[in-house]
Amino acid sequence: MNQLLEILDPKNIIFDFDASSKEDAIRKMISHLVATQSLEAGHSEDIISSLLNREKSMSTGIGSGVAIPHCSVHYVDELKCAMAIAPEGIDFEALDNGLVQIFIMLIVPKNKFQDHIKTLALIAKTLNIPEEREKLIKAKNFQEIQQAFLSKS
């Protein structure tokens, strides 16, 4: 799971995340990426549309309190990643109808989506472990996120 740590910039982790809906969650995560200068503001609405369109085909709320909203766009030339922890949970229309507490957003360059399918699968597999999810939900800083991923045996 160190692969996620390699793509996750500490400034793009949102602790105590709160949102009123799926769209609100996506908008707040994109706003955070813009605020940290990880994304250009001029493309944010197009990227939000792409993420919401992806959600219409099938929710990226994969169950067990995890959502991995993602899209591929030609506005980025390298993978952009944000993580949000919502200890209270947010209704993200997840496949299991449960609330989502861990969000990992991936914005992938249009021509590199195949390269990142493994990343998506690895994130989903790791976050399928209840103990790993609990460590992340309780994390209050980047060091605790690192420890949660690195302690995985």
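Residue indices begin from 1 for each chain and proceed along its sequence in written order. Per-residue local features of the predicted model are confined to residues with pLDDT of at least 70, and side-chain atom pairs are confined, for both listing and counting, to 80 or more; whole-chain, interface and lining totals are unaffected and use all residues. The side-chain figures draw on all heavy atoms in the structure; neither hydrogens nor water molecules are used.

Peer 1: Residue-level account of the overall build of the chain, with values.
Peer 2: The helix and strand inventory of the chain stands at 6 helices and 6 strands. Put simply, DSSP H or I for four residues or longer makes a helix, DSSP E for two residues or longer makes a strand, and each gets a number counted from the N terminus. For the chain, the α and β elements follow one another from N to C terminus as α-β-α-α-β-β-β-β-β-α-α-α. The C-alpha radius of gyration of the chain comes to 14 Å, within 12% of the 15 Å expected for a compact globule of 153 residues. Its C-alpha atoms give the chain principal-axis dimensions of about 40 × 30 × 30 Å. To sort residues, take the accessible area from a 1.4 Å probe on protein chains only and compare it with the maximum for the residue type: under 20% means buried, over 50% means exposed, and anything in between is partly exposed. Going through the 153 residues of the chain one by one, you find that 49% of them count as buried. For the chain, restricting intrachain contacts to residue pairs at least 6 apart in sequence, the fraction spanning at least 24 positions comes to 66%. All accessibility values rest on the Shrake-Rupley procedure with a 1.4 Å probe; residue burial counts only the protein chains present in the view. For the chain, the exposed area adds up to about 7,700 Å²; of that, 47% sits on carbon and sulfur atoms. The averaged location of the 21 negative side-chain charges in the chain is 5 Å from the averaged location of its 16 positive side-chain charges. We take the radius of gyration over the C-alpha atoms and set the globule estimate at 2.2 Å times the residue count to the 0.38 power. Pairs of residues are marked as contacts when any of their non-hydrogen atoms sit within 4.5 Å. In summary, the charge assignment counts Lys and Arg as positive and Asp and Glu as negative, without counting His or the chain termini. To locate a charge, the coordinates of NZ of Lys, CZ of Arg, CG of Asp or CD of Glu are taken.

Peer 1: Report on the nonpolar core, specifying residues and quantitative values.
Peer 2: Generally speaking, a soluble globular protein has its nonpolar side chains buried in company with each other. Take the buried residues of types Ala, Val, Leu, Ile, Met, Phe, Trp, Tyr and Cys, join any two whose side-chain atoms come within 4.5 Å, and each joined set is a nonpolar core. Judged by nonpolar contacts, the single largest core of 27 residues is most densely connected at F17, I30, F103, M105 and I107. Elements that contribute at least two residues to this core include exactly helix 2 (22-35), helix 3 (44-57), strand 4 (70-73), strand 5 (80-91) and strand 6 (99-109). When residues in this core are grouped by element, the largest group, 5 residues, is from helix 2. Residue contacts for F103: discarding those within four places in its chain leaves F17, A25, M29, A67, A82, M83, A84, A86, I90 and F92. L4, I13, I145 and A148 belong to the second largest nonpolar core, which has 24 residues in total.

Peer 1: Just give me the short version of the packing of helix 2 against helix 3, but keep the residues and values in it.
Peer 2: For the pair helix 2 and helix 3, interaxial distance at closest approach is 10 Å and the crossing angle is 145°. As for how helix 2 packs across helix 3, the hand of that crossing is right-handed. When helix 2 is examined against helix 3, the residues K22, E23, I26, R27, I30 and V34 are found in contact with a partner set consisting of S44, E45, I47, I48, L51, L52 and E55. Residues are grouped as follows: nonpolar covers Ala, Val, Leu, Ile, Met, Phe, Trp, Tyr, Cys and Pro; charged covers Asp, Glu, Lys and Arg; every other residue, Gly included, is treated as polar. Partitioned by chemical class, the residues of the contact of helix 2 with helix 3 number 7 nonpolar, 1 polar and 5 charged. Here an angle of 0 to 180 degrees is reported between the N-to-C directions of two axes, which are lines fitted to C-alpha atoms, with helices fitted over the stretch in contact. Whether a crossing is left-handed or right-handed is set by the direction in which the near helix is turned from the far one by less than a right angle, anticlockwise for left-handed and clockwise for right-handed.

Peer 1: Could you give an account of the pairing of strand 5, naming the residues involved and the relevant values?
Peer 2: Among the 12 residues that make up strand 5, 9 are buried, leaving the element largely enclosed by the rest of the structure. Strand pairing follows a simple DSSP-based rule, namely that at least 2 bridges must link the two strands. Relative to strand 5, strand 1 (residues 13-14) is paired through 2 bridges, and the arrangement is parallel. Each residue of the ladder has a partner; that of I14, found in strand 5, is A84. In the sheet, strand 5 pairs with strand 6 via 8 bridges, with the strands oriented antiparallel. Each residue of the ladder has a partner; that of I90, found in strand 6, is V100.

Peer 1: Account for the confidence of the model for the chain, with residues named and values stated.
Peer 2: Detail in the predicted coordinates should be disregarded across regions flagged by low pLDDT. Scored from 0 to 100, pLDDT reflects the predictor's confidence in each residue. Summary statistics for the chain give a mean pLDDT of 91 and a share of 97% for residues scoring 70 or more. Element-level pLDDT for the chain is lowest in helix 1 (residues 2-7), with a mean of 77, against a maximum mean of 98 in helix 2.

Peer 1: Describe unusual backbone geometry, naming the residues involved and giving the relevant values.
Peer 2: Positive phi values are uncommon outside glycine, yet D16 reaches one of about 50°. Position of D16 relative to the elements: it lies in the loop between strand 1 and helix 2.

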